[in-house]
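Given next are the chains, with one letter for each unit.
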Amino acid sequence: MAAEGTVSIRIPSDPKHLYLMRRLVQEVSLAHGFTEEEVRRMVLAMDEACTNVIRYAYGGDPGGTIDIEAHPIEDGLCFTVIDQGRKPDAATIAPRALDEVRPGGLGTHFIQMVMDEVRYDTSPERGTRLCLVKRRKPRDESQGKG
Amino acid sequence: MAAEGTVSIRIPSDPKHLYLMRRLVQEVSLAHGFTEEEVRRMVLAMDEACTNVIRYAYGGDPGGTIDIEAHPIEDGLCFTVIDQGRKPDAATIAPRALDEVRPGGLGTHFIQMVMDEVRYDTSPERGTRLCLVKRRKPRDESQGKG
Amino acid sequence: MDIHVVMERTEEGHGVLEVRGEVDMHTSPRVREAQIRLLRSGAARIVIDLSGVAYMDSSGIATLIEGLQWARREGREFRLAGLTPTVRDVFELARLADVFEIFSTRDEALKDA
Amino acid sequence: MDIHVVMERTEEGHGVLEVRGEVDMHTSPRVREAQIRLLRSGAARIVIDLSGVAYMDSSGIATLIEGLQWARREGREFRLAGLTPTVRDVFELARLADVFEIFSTRDEALKDA
Ligand SMILES: Nc1ncnc2c1ncn2[C@@H]1O[C@H](COP(=O)(O)OP(=O)(O)O)[C@@H](O)[C@H]1O
Ligand SMILES: Nc1ncnc2c1ncn2[C@@H]1O[C@H](COP(=O)(O)OP(=O)(O)O)[C@@H](O)[C@H]1O
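Residues numbered from 1 in each chain as written. Chains lettered and ligands numbered in written order. Predicted model: local features only at pLDDT ≥ 70, side-chain atom pairs only at ≥ 80, totals over all residues. Heavy atoms only, no water.

Asks: Explain the site of ligand 1 here, please?
Replies: All names here are of chain A. Near ligand 1 you find Asn 52, Arg 55, Tyr 56, Pro 88, Thr 92, Ile 93, Ala 94, Gly 104, Gly 105, Leu 106, Gly 107 and Thr 108, and these make up its full shell. The separation between an oxygen atom of ligand 1 and a polar side-chain atom of Thr 108 is 2.6 Å. Within the complex, the protein chains bury 81% of what would otherwise be the 530 Å² of accessible surface of ligand 1. For the shell around ligand 1, the element with the most residues is helix H2 (residues 36-57), which contributes 3 residues. (Near = heavy atom within 4 Å. Polar contact = N/O pair within 3.5 Å; in protein donor to acceptor, adjacent residues only side chain to side chain. Areas by Shrake-Rupley, 256 points an atom, 1.4 Å probe, with all protein chains shown as cover. Helix = DSSP H or I, 4+ residues; strand = E, 2+ residues; numbered from the N terminus.)

Below, the structure is given as structure tokens:
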């Protein structure tokens, strides 16, 4: 059973369904009080995470499934991207240097820049759980107290 | 594993999440070539089906879950609404007479009017699977041939 | 997904309820509440402005039928205005388009005798 | 979710590629294809009009970087026009806002010397 308030979407590992995941992430993030700019970036990060699952965990095979869960936490949202594909080699998940202008190598960079926590959990028997946490920025007033 | 091309969303049995289900149904139905009017009605029918699950299968308890699957078939879409709540008594699922103007009793009416097939499957050990099929209308040109 | 309800009293003493957003099982209780307050306010004519309603399901329809029945019992006018295509379609599915007094805009619903 | 790509040749012989829709792993191959055809068409200046792009991810960025590199090798001008806030934000995240020649509208990208 889902934890309280958790919503999730399951799509085939086919890029033509990515936009559905984006719509869900957008709606849920807006509903949880993130700003439009934050929401845009969260949508981007989740898209890159799912794109990498299709490309690397499933090697481009559209026959797998991706589960994307959005789970409210006290100060934001915790997303989980679950696949049943090949586990990543932690050493190979790395963005390229940004001053090197070439196609590719930006996805993991976007994920790292946008999300507050990024954790690849390869302990499930099959596949990977990627946990991505995004916290709302503290309001200016509370910063003033610090 | 999901059947080919199946997308699904899971929401808590809390009315505040219904709009997410509607967004998914809207996007998927548009992508499958239904007209804007058909899509509006399909969204309505799915909303009514899920509303009834919250109201009757879960008796208003927001702690359950609803799974909504959209599964492409040759000439349209097959939706499944799955709950883990109380099974309906087939005899009680009935719309009111339309000439009787009173609040209530419209949901099942909308579902029946919009969908081409409506089947409540109470055979799962727990809960109910409601299967709803919507077919695209044949184009005028093919009608001319008939 | 939020709903906005704004109540207004015109110079002529008509009561207007403007609803903006999507009306479903989650949001219709807020529309119902506002509608009850407006009905109780004693206005002889109630106008529900639905021009900002992007979606309505049977719970919204039930709310409006309730308002209509209350108004009839009390001898008040109950008018709907500004139905979007989506809302109009739901009324047609429910065969309710002839049951309500429907005006294309709020101003017409207020002016018309 | 569809993408539309329209190619045009202006009177001055510039090549314009107008992209409308969301650019992601699914749709970027179609942008890439059109871009390659445009680059091969021999135009001395290529303008990619992104004013209709509601969303772009790293696969779209990769496609544009490819075009830029091709154009540089061949001594052609490669210009972007009409970045929506969403697209501009992705360029900023990627620190690419200074790498490309970016114009606010297609007309400016075409006129400017
Ligand atoms: N889910 C994943 N599973 C396995 N490897 C991954 C995964 N995500 C990223 N990687 C590795 O990290 C590298 C960088 O990924 P990314 O920054 O998204 O850029 P790109 O996909 O363009 O190479 C990839 O080339 C790949 O080797
Ligand atoms: N999923 C369900 N489980 C059990 N009973 C249901 C279900 N859906 C509908 N019903 C029954 O059918 C009746 C008619 O439903 P509906 O037309 O949606 O109108 P309303 O909910 O306003 O009564 C309900 O009052 C209820 O008794």
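Asks: What is the right way to look at the sheet that holds strand E1 (residues 3-9) of chain D in this model?
Replies: Hydrogen bonding along the main chain pairs the strands of a sheet, whether they run parallel or antiparallel. Residue and element names in this part refer to chain D. Taken together, 5 strands build an open sheet; the order of strands is E1-E2-E3-E4-E5 and the sheet is mixed. Looking along the sheet, the strands with just one partner apiece sit at the ends: E1 and strand E5 (101-103). Pairs of neighbouring strands in the sheet enclose a mean axial angle of 20°, with direction left out of account. Pairing of strand E3 (residues 45-56) with strand E4 (residues 77-81), which is carried by 5 bridges, proceeds in the parallel orientation. Its bridge partner being in E4, Arg 45 is matched across the sheet by Glu 77. On the sheet, helix H3 (residues 85-93) packs against E3, E4 and E5 and is oriented at approximately 105° with respect to E3. (Pairing = 2+ DSSP bridges. Axes fitted to C-alpha atoms, helices over the stretch in contact; angles between N-to-C directions. Contact = heavy atoms within 4.5 Å.)

Asks: Hey, could you run me through the interface of chain A and chain D in this one?
Replies: Interface extent is often summarised as the accessible area lost during association of the parts. Contacts between the two partners involve 28 residues from chain A, matched on the other side by 24 residues from chain D. Of the roughly 2200 Å² buried where chain A meets chain D, counting both sides, 63% is carbon and sulfur surface. If you sort the residues of chain A by the area they bury against chain D, Arg 40, Val 101 and Pro 103 of chain A come out on top, with a joint share of 24%. If you look at where chain A meets chain D, you find 4 salt bridges. With its nearest N and O atoms 2.7 Å apart, the salt bridge here joins Asp 89 of chain D to Arg 41 of chain A. (Buried area = accessible area lost by both parts, 1.4 Å probe. Salt bridge = Lys/Arg side-chain N within 4 Å of Asp/Glu carboxyl O.)

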